[in-house]
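# Results of the structural survey
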Amino acid sequence: MRWFGFGFNAFGQICDRGRLSEAAGSDVTEEVKVLRPTELESCCCSKISGVRASWSRRATVHEDGDSCVCVAGFDAASSSQSCGVSLSLGCKDASISEQHLTLAFPDRIESWDLQRKDQTPSWSTETNTQSESSSGCPLLNLPLVPGGYMATKPPLFRSLSPHLKAKSLALGGDHAVLLCASGAVFTWGLGSHGQLGHGGLTSEEEPRAVEALWGMTMSTVAAGGWHSVAISDGGDLYLWGWNESGQIGLPSRGLRKTMQQQSSQQAGALCQDADVKSGEDPQEGEKHEDVFISIQAFPALLDVTPSCEIRTVSCGSRHTAAVTTTGDLYTWGWGEYGQLGHQTLISSDEPHRVEFFREQQMRVVDVVCGTWNTFAAVLKEEVPSP
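Keep in mind it's a predicted model, so treat the numbers as computed, not measured.

### A word on the pairing of strand β17 (residues 218-223)
Across the six residues of β17, five count as buried, placing the element largely inside the fold. Linkage of β17 to strand β18 (residues 227-232), two consecutive antiparallel strands, is achieved through a turn of three residues.

Here it is in structure tokens:
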């Protein structure tokens, strides 16, 4: 399995800026914005099995042989000295934020402060995975830990009721989306942009069921800056929250206005004729109003064209990426840093397939969004011999 990254690269979290500047002819813009999906380099001999990303950093999990975690991006050299490869040997999972790197070992959880040079973790706890598996409880993936979860801001450990039977947890900017073993979805935290999915803009201090999804079994959840996503067992995609950049795939007034302005500028003199015509009163029967969505406070079903089933999904601050069961990657939302993978800086409020991987005969199997970038795991398609 190979991993590719594209989008925001100001701290070298996708690839070394020096190597990129040589290929781009020392173009600073090309160094900061990686438009063409670029393969990630491994920091050790083993292959990358997973990627975790924050705004300025990227952590790669390596599980072949002596499993470990490597950090790339802002102050990566210092981070590697304090909690580098040697101290992460045997690590099976990781999560990363702007301040902390959390490592999950078979017998313990450790959280390291990336802004300090301590030789000991800032928080740790012992775990017993054997007792968890024998009791019938599912093995937890970060940010879930026994008894609760690891937050991105202090206090790091937050407790969760065992009655929720948490299966997975996605942390957004200031909200959380929890998937229960039953397939139910609970949300809590800031609700000012409808990101909790309860129909209003109020915040919730405790987990509350998303009633609009009640009765439907969900298999995956994801959270962005101010939007949320869930995938049903049948591969349907439900999104809710802020749509300022088209990140939930519904018509965005601000995005369409920006696109119209860009088109007018490119059109030059031709746009003057268009303005004259648009200023004329429409004939009877021609009047219509476009419907735009800025906040979607209830989960909305998103149709991806052509019709397909969604396998997994991830959210950036204001963009979304989804992988289909056939191995295609679709992205939409804010694209100012090339994080949509279409090798442009254009944003979109409609899902579009990333053609690069199909052109390279690659099948996408996983996707992880950083705040302003995207990472995709691919397998080489087996081309039948003639």
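### Regarding the pairing of strand β22 (residues 319-324)
The buried fraction of β22 amounts to six of the six residues, a majority that puts the element mostly inside the structure. With burial as the criterion, each face of β22 is covered, one bearing His319, Ala321 and Val323 and the other bearing Thr320, Ala322 and Thr324. As paired elements, strand β21 (residues 310-315) and β22 share five bridges and run antiparallel to each other. Bridge assignment links Cys315 to a residue of β22, and that residue is Thr320. Hairpin connection from β21 to β22: three residues lie between these consecutive antiparallel strands. Pairing between β22 and strand β23 (residues 329-333): five bridges, direction antiparallel. When the sheet's bridge partners are listed, His319 is paired in β23 with Gly333. Turn length for the β22-β23 hairpin, with the two strands adjacent in sequence and antiparallel, is four residues, and the turn residue Gly327 shows positive phi of about 90 degrees.

### Observations regarding the sheet that holds strand β15 (residues 185-189)
Here we have four strands laid out as an open sheet, ordered β13-β14-β15-β16, and antiparallel in their pairing. The open sheet has two edge strands with one neighbour each: β13 (166-171) and β16 (204-209). Strand-to-strand twist in this sheet, taken as the mean axis angle between neighbours without regard to direction, amounts to 15 degrees.

Conventions we followed
Residues numbered from 1 in each chain as written. Predicted model: local features only at pLDDT ≥ 70, side-chain atom pairs only at ≥ 80, totals over all residues. Heavy atoms only, no water. Buried < 20%, exposed > 50% of the residue type's maximum accessible area, 1.4 Å probe, protein only. Helix = DSSP H or I, 4+ residues; strand = E, 2+ residues; numbered from the N terminus. Pairing = 2+ DSSP bridges. Axes fitted to C-alpha atoms, helices over the stretch in contact; angles between N-to-C directions.

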